[in-house]
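# Structure assessment
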Amino acid sequence: MLDQRTFEALFREQYQMLRGLAWSIVKDEALAEDTVQEVMLDLWRRRAELTFSVSPRQYLRGAVFRLALKKWNQQKRMQPLTGDQVPEASPEIADEVTPVRREALRHCLETLPPRSGLVFRLARQEGLTHKEIAEHLDISPKTVENQMLRAFRLLRECVRKQLSPQNKSNE
């Protein structure tokens, strides 16, 4: 059972890290704070019945991640992809990325499955390593690698279809 003093100490120790984790997913300060507060409130309400199979820190991190991902998915369904969500090309190929290709990539990023899309975004836009992503998502680094490979394969196929001769008449 979690007493009030232990709960308050846990909240103070973990709040900033949990808020940062939530923000890295939802990209909205208020939504990140709400996410952490919802998880902490749920923890407090269920304190008598909860038993941890992992450390309280790991439990909170997993709970915040899952709720933030849920909120991100809800948010994503309601909003179109914006330009700042499309990864920038590396400097050596920046000249090759035409507006048409950029639009095709933007469209294709929207079609990625949620898990692959999140792993891709954490790696390419947040700059996290496979190990860091694995820790955040509570999955193995090999799963992260597989999701990245899947995302790249799906993006290649989708962009190729978007830029095929039938679609090039839209340029």
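All residue numbers refer to position in the chain's written sequence, counted from 1. Residues qualify for local features only when their pLDDT is at least 70, as the model is predicted, and side-chain atom pairs are given and counted only at 80 or more; totals for whole chains, interfaces and linings, by contrast, use all residues. As a convention, hydrogens and water are excluded, and side-chain values are obtained from all of the structure's heavy atoms.

### What to know about the overall build of the protein chain
Keep this limit in mind: Strands are runs of DSSP state E lasting at least 2 residues, helices are runs of H or I lasting at least 4, and numbering of each runs from the N terminus. Each residue is assigned to one of three classes by its accessible area relative to the maximum for its type, calculated with a 1.4 Å probe on protein chains only: buried under 20%, partly exposed between the two thresholds, exposed over 50%. Any two residues whose heavy atoms approach within 4.5 Å are treated as being in contact. Working definition of accessibility: Shrake-Rupley area with a 1.4 Å probe, residue cover restricted to the visible protein chains.
From N to C terminus, the protein chain includes 8 helices and 0 strands. Listing each helix as α and each strand as β along the protein chain from the N terminus yields α-α-α-α-α-α-α-α. Expressed as a percentage of its 171 residues, the buried residues of the protein chain come to 36%. Long-range contacts, defined here as pairs at least 24 residues apart, represent 69% of the contacts in the protein chain between residues at least 6 apart. Here the protein chain displays about 10800 Å² of accessible surface, and carbon together with sulfur accounts for 50% of that area.

### What to know about the state of the cysteines
As a reminder of what qualifies: Two cysteine sulfur atoms form a disulfide, by the criterion used here, when they sit within 2.5 Å.
Enumeration over the complete set of coordinates arrives at 1 disulfide. A sulfur-sulfur distance of 2.1 Å marks the disulfide that ties C108 to C158. Torsion about the S-S bond of the C108 and C158 cystine: about -85°, corresponding to left-handed handedness. Taken together, the residues span a long stretch of sequence, with C108 in helix α4 (residues 99–111) and C158 in helix α7 (residues 141–162) at a distance of 50 residues. An identical accessibility class is assigned to C108 and C158; each is buried.

### Things to note about the environment of A32
As for its placement among the helices and strands, A32 is situated in helix α2 (residues 29–45). For the pair A32 and L18, spaced 14 residues apart in sequence, the C-alpha separation works out to 8.5 Å. Leave out the neighbours within four places in its chain, and A32 touches R19, A22, W23 and V26.

### Some remarks on the packing of helix α5 (residues 114–124) against α7
As a reminder of what qualifies: Lines fitted to C-alpha atoms define the axes here, with helix axes fitted over just the stretch in contact, and angles between the N-to-C directions of these axes take values from 0 to 180 degrees. Any angle that is under 35 degrees is reported as roughly parallel, and any over 145 degrees as roughly antiparallel; angles of 65 to 115 degrees are reported as roughly perpendicular and all others as oblique. All residues other than Ala, Val, Leu, Ile, Met, Phe, Trp, Tyr, Cys, Pro, Asp, Glu, Lys and Arg, Gly among them, are scored as polar; the first ten of these are nonpolar and the last four charged.
At a closest axis distance of 8 Å, the pairing of α5 and α7 adopts a crossing angle of 100°. Viewed along their axes, α5 and α7 adopt a mutual orientation that is roughly perpendicular. Counting all contacts with α5, which are made through R115, S116, V119, F120, A123 and R124, the residues of α7 involved are V144, Q147, M148, R150, A151, F152 and L155. Each residue belonging to the contact of α5 with α7 can be placed in one class, and the counts come to 8 nonpolar, 2 polar and 3 charged.

### Digging into unusual backbone geometry
Positive phi is not limited to glycine here, since K27 has a value of about 60°. Mapping K27 onto the fold places it in the loop between α1 (4–26) and α2.

### Here we look at the confidence of the model for the protein chain
Threshold: Per-residue confidence from the predictor is given as pLDDT, running between 0 and 100.
Of the residues in the protein chain, 83% reach a pLDDT of 70 or more, and the chain-wide mean stands at 80. Looking over the protein chain, one finds the lowest element-wise mean pLDDT in helix α8 (residues 165–168), namely 59, and the highest in α2, namely 92. Counted against residues more than four places away or in other chains, residues 80–95, with its pLDDT under 50, gives 24 contacts.

### A closer look at the nonpolar core
For the record, the criterion: We define a nonpolar core as any set of buried Ala, Val, Leu, Ile, Met, Phe, Trp, Tyr and Cys residues linked to one another through side-chain atoms lying within 4.5 Å.
By size, the foremost hydrophobic cluster in this structure holds 45 residues, and its most contacted members are I25, L43, L60, L118 and L137. Per-element tally for this core: the top contributor is helix α3 (residues 56–78), with 9 residues. Non-local contacts of L137, meaning those with residues more than four positions away in its chain, are made with F65, R115, L118, V119 and L122.

### A word on α4
Short version of the rule: Here a helix's expected span is defined as the number of its residues, less one, multiplied by 1.5 Å.
In a regular helix each residue adds 1.5 Å, so 13 residues correspond to 18 Å; α4 covers 19 Å between its end C-alpha atoms and thus fits that length. Residues A104, R106, C108 and L109 constitute the buried set of α4. For α4, the secondary structure elements touched by its buried residues are α5 and α7.

### Here we look at the pattern of salt bridges
Where we set the bar: Only one rule defines a salt bridge in this text: a Lys or Arg side-chain nitrogen within 4 Å of an Asp or Glu carboxyl oxygen.
Going through the model one piece at a time under the given rule, you end up with 6 salt bridges. Across the pair E29 and R19 runs a salt bridge, and its minimum N-O distance is 2.3 Å. One end of the pair, E29, is in helix α2; the other, R19, is in helix α1, and 10 residues separate them in sequence. The salt bridge partner of E157 is R153, with a shortest N-O separation of 3.6 Å. Taken as a pair, E157 and R153 lie in helix α7 at a separation of 4 residues, close to a single helical turn. Judged by its relative accessible area of 37%, R153 falls in the partly exposed class.

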